[in-house]
Amino acid sequence: MHKQRTYIIKSYVNASHAVRWESGTGKRHNHTWEIQCELHTVDKMVAFFDIEKLIKAALDELSGKFLNDLPEFSTVNPTVENVTEYLFDKIDKLTRENGAQLLRLQVSDSPTRSYVIDVTGRNLPE
């Protein structure tokens, strides 16, 4: 019997951005981004302290930064959707290299709004 073990690691990053529109770039503004990673392993335990350090290092690259100035967002609009896509790819690679799989990433740029990437196949509310 396979046991699925799921861990949720929640982190926060302070960073600013300005959304680009067809008519120009919006006003630069700050967010405290909440990042929630749902990870799992099958039939084994992993050193989640090490994975937390890797996630923190990935997020530290954004911490205190103006996202528009980062190479990753020089041509990609730094919206919550695109920041989530960027972080999913980065964190998924790190976790797989360390014995875990990123199942779900939820990024919030405000207390009332989140964007989610979920690869579990479970149905999300419409």
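What you are looking at is a predicted structure, and each value in this text was computed from that prediction instead of being measured.

Focus on helix α1 (residues 48–60)
The end-to-end C-alpha separation of α1 is 18 Å, in line with the 18 Å expected for 13 residues at 1.5 Å each. For α1, every residue scored as buried is listed here: F48, I51, I55, A58 and L59. Seen along its axis, α1 keeps its buried residues to an arc of 95°; they face one direction.

Some details on the packing of α1 against helix α2 (residues 80–96)
In the contact formed by α1 and α2, the axes pass within 10 Å of each other and the chain directions differ by 150°. Taken as axis vectors, α1 and α2 run roughly antiparallel relative to one another. Handedness of the α1/α2 crossing: right-handed. Where α1 approaches α2, its residues I51, L54, I55, A58 and L59 are matched on the opposing element by L87, K90, I91, L94 and T95. Class assignment for the residues of the contact of α1 with α2 results in eight nonpolar, one polar and one charged.

Some remarks on the nonpolar core
Among the nonpolar cores identified, the biggest contains 26 residues, and I35, L87 and L105 are the most heavily contacted of them. Going through the elements one at a time, β1 (4–17), β4 (29–42), α1, α2 and β5 (101–110) are the ones with two or more residues in this core. Among the elements that make up this core, the one with the highest residue count is α2 (six residues). Ignoring sequence-local partners within four residues, the contact set of L105 consists of I35, Q36, C37, T84, L87, F88, I91, Y115, V116 and I117.

Conventions used here
- Residues numbered from 1 in each chain as written.
- Predicted model: local features only at pLDDT ≥ 70, side-chain atom pairs only at ≥ 80, totals over all residues.
- Heavy atoms only, no water.
- Helix = DSSP H or I, 4+ residues; strand = E, 2+ residues; numbered from the N terminus.
- Expected span 1.5 Å × (residues − 1).
- Buried < 20%, exposed > 50% of the residue type's maximum accessible area, 1.4 Å probe, protein only.
- Arc of directions from axis to C-beta.
- Axes fitted to C-alpha atoms, helices over the stretch in contact; angles between N-to-C directions.
- Parallel < 35°, antiparallel > 145°, perpendicular 65-115°, else oblique.
- Left-handed = near helix turned anticlockwise from the far one by under 90°.
- Contact = heavy atoms within 4.5 Å.
- Nonpolar A, V, L, I, M, F, W, Y, C, P; charged D, E, K, R; others polar.
- Core = buried A, V, L, I, M, F, W, Y, C linked by side-chain atoms within 4.5 Å.

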